[in-house]
Amino acid sequence: SLYELEFDAEFNGPFQITTYLKRAFAKPELINEETKWTATQNGIIYFTFQDKIYRYNPLNLDFKILNTDFGGKPVTMIKLMDQDTLIAGTDGSIYYLDISKDNLGTKIKQIGGLPGKVIDIAFRAQ
């Protein structure tokens, strides 16, 4: 079984975890060993399943597929650049996606011609 947990962890003094919510995940069929996860500060969760990225709002159990088409290639990385931009990686490409309010993963730009599967990216201050 796959569960969704909401908890608080106290790191000062004795280590203590307080659980607020435990429920079965609403769509466990979309999760496998290759699933990648990230979340925004306002609690929206993004996760991958094969060649799709899903936006999940745990407050209302709303699942939406992001608009960008990855050409059938499995998504191998997702990472937040900031609260309005999600970066996704596939075999040979990096995609910058707009996840700001009222946007559902519209492609901002794509960088192609990269060797192998993209699994991570680092940001450098300018």
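As a reminder, the structure under discussion sits directly above these lines.
*Asks:* Can you tell me about the packing of aromatic side chains, naming the residues and giving the values?
*Replies:* Per the counting criterion, the structure on display carries 10 aromatic pairs. Consider the rings of phenylalanine 25 and phenylalanine 47, whose centres lie 6.1 Å apart with planes at 75 degrees: the pair is edge-to-face. Taken together, the residues phenylalanine 25 in the loop between strand 2 (16-24) and strand 3 (37-39) and phenylalanine 47 in strand 4 (residues 45-49) connect sequence positions 22 residues apart. Comparing phenylalanine 25 with phenylalanine 47, the two get one shared label, buried.

*Asks:* I'd like a description of the side chain of threonine 48, backed by residues and values.
*Replies:* As for its position among the elements, threonine 48 is in strand 4. Overall, threonine 48 belongs to the buried group, its relative accessible area being 1%. At a separation of 2.8 Å, a polar atom in the side chain of threonine 48 contacts the main-chain amide nitrogen of lysine 36. Discounting residues that sit within four places of it in the chain, threonine 48 has contacts with Leu30, Glu34, Thr35, Lys36, Ile53, Val75 and Ile78.

*Asks:* For the pattern of salt bridges, give the residues involved together with the corresponding values.
*Replies:* Taken as a whole, this structure holds four salt bridges when the rule is applied. Put simply, glutamate 4 and arginine 23 hold a salt bridge, and the shortest N to O gap is 3.0 Å. One end of the pair, glutamate 4, is in strand 1 (residues 3-10); the other, arginine 23, is in strand 2, and 19 residues separate them in sequence. Here glutamate 4 falls in the buried class, since its relative accessible area comes to 11%. With a shortest N-O distance of 2.9 Å, lysine 79 and aspartate 120 are connected by a salt bridge. In this pair, lysine 79 sits in strand 7 (residues 77-82) while aspartate 120 sits in the segment after strand 10 (106-111), placing the two residues 41 residues apart along the sequence. Under the relative-accessibility criterion, aspartate 120 is labelled exposed at 53%.

Definitions and cut-offs
Residues numbered from 1 in each chain as written. Predicted model: local features only at pLDDT ≥ 70, side-chain atom pairs only at ≥ 80, totals over all residues. Heavy atoms only, no water. Phe/Tyr/Trp six-rings, centres within 6.5 Å; stacked < 30°, edge-to-face > 60°. Helix = DSSP H or I, 4+ residues; strand = E, 2+ residues; numbered from the N terminus. Buried < 20%, exposed > 50% of the residue type's maximum accessible area, 1.4 Å probe, protein only. Polar contact = N/O pair within 3.5 Å; in protein donor to acceptor, adjacent residues only side chain to side chain. Contact = heavy atoms within 4.5 Å. Salt bridge = Lys/Arg side-chain N within 4 Å of Asp/Glu carboxyl O.

Don't take any of this as a statement about function, it's just geometry.
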